[in-house]
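Take a look at the letters that make up each chain.
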Amino acid sequence: MKKSIVKIKRIAFKENYTIGRLYVDDIYICDTIEDKVRELNTAEDKVYGKTAIPVGTYPADLYFSRKFGYTVVRLFNVPYFEGIYIHKGNTEKDSLGCIIVGYNDRKGWVSKPTVAMNKIVDVLRGRQIEVVVE
């Protein structure tokens, strides 16, 4: 099975959210919005629902989520977090620590999340997946 690297390159660190770019095998796919990046040395440093996952490399897979009703990218072994996905939404309020995909055409917002998610799933289907957050 061929391996693909999903890279989330964080580029804008705002008061309540973080904007990034998502690449698959070094090809730009879409933008991301996440919660605020905080230094996490212990679980107590995490603010529930308002903290982005730590920088790192995580194994992942494609997973049909009954909660969302569509296929998401599911991340494993994320320190201090459980149930972390790359999924659709518009703002960091849709996140709860997850990575939201779309196109950052408005301040604090990503649009066309379904277009972005479909592109990601199409590219990753049938592949081994690793997510690198930097």
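Let me begin by describing the structure that accompanies this report. Here the structure is a predicted model, which is why all the values come from computation and not from measurement.

Unusually for a residue other than glycine, Y80 sits at a positive phi of about 70 degrees. Structurally, Y80 can be placed in the loop between strand 5 (70-75) and strand 6 (84-88). Not every positive phi belongs to a glycine, and K112 is a case in point at roughly 50 degrees. As for its position among the elements, K112 is in the loop between strand 8 (109-111) and helix 1 (113-124). On the basis of relative accessibility, which here comes to 55%, the residue K112 falls in the exposed class.

Our focus in this paragraph is the pattern of salt bridges. Under the criterion given, the structure shown has 7 salt bridges. Where E34 meets R10, a salt bridge forms, and the shortest distance between an N and an O atom there is 2.8 Å. Of this pair, E34 sits in strand 3 (residues 27-35) while R10 is found in strand 1 (residues 3-13), placing the two residues 24 residues apart along the sequence. We note that E34, like R10, is buried. With its nearest N and O atoms 2.9 Å apart, the salt bridge here joins R21 to D31. Remark: D31 occurs in strand 3 and R21 occurs in strand 2 (residues 17-24); sequence separation between them is 10 residues.

Moving on, we come to the environment of E34. The exposure class of E34 is buried, given its relative accessible area of 0%. Along the primary structure E34 and V101 are separated by 67 residues, whereas in three dimensions their C-alpha atoms are 9.0 Å apart. A polar atom in the side chain of E34 sits 2.8 Å from the side chain of R10.

This brings us to helix 1. Here helix 1 contains 12 residues, and its C-alpha end-to-end distance of 17 Å stays within 8% of the 16 Å for a straight helix at 1.5 Å per residue. Once helix 1 ends, the next one or two residues include G126, with phi positive near 80 degrees.

So, on to the nonpolar core. Among the nonpolar cores identified, the biggest contains 31 residues, and L22, I86, I120 and V131 are the most heavily contacted of them. Contacts of I120, omitting those with residues within four sequence positions, involve L22, I29, C30, V73, I86 and V101. Counting residues in each nonpolar core, the second largest holds 6 residues, with A12, Y17, I19 and I33 among its members.

Counted according to the given criterion, the structure contains 0 disulfides. Unpaired in this structure, C30 has its nearest cysteine sulfur neighbour in C98, at a distance of 15 Å. Here C98 falls in the buried class, since its relative accessible area comes to 4%.

To continue, consider the pairing of strand 1. Direction of pairing for strand 1 relative to strand 9 (residues 128-133): parallel, over a ladder of 6 bridges. By the bridge assignment for strand 9, I5 is matched with E130. Two elements, strand 1 and strand 2, share 7 bridges in a ladder whose sense is antiparallel. Residue A12 lies in a different strand from strand 2, and its bridge partner there is I19. Where strand 1 folds back on strand 2, the antiparallel hairpin that results is connected by 3 residues.

Conventions used here
- Residues numbered from 1 in each chain as written.
- Predicted model: local features only at pLDDT ≥ 70, side-chain atom pairs only at ≥ 80, totals over all residues.
- Heavy atoms only, no water.
- Helix = DSSP H or I, 4+ residues; strand = E, 2+ residues; numbered from the N terminus.
- Buried < 20%, exposed > 50% of the residue type's maximum accessible area, 1.4 Å probe, protein only.
- Salt bridge = Lys/Arg side-chain N within 4 Å of Asp/Glu carboxyl O.
- Polar contact = N/O pair within 3.5 Å; in protein donor to acceptor, adjacent residues only side chain to side chain.
- Expected span 1.5 Å × (residues − 1).
- Core = buried A, V, L, I, M, F, W, Y, C linked by side-chain atoms within 4.5 Å.
- Contact = heavy atoms within 4.5 Å.
- Disulfide = S-S within 2.5 Å.
- Pairing = 2+ DSSP bridges.

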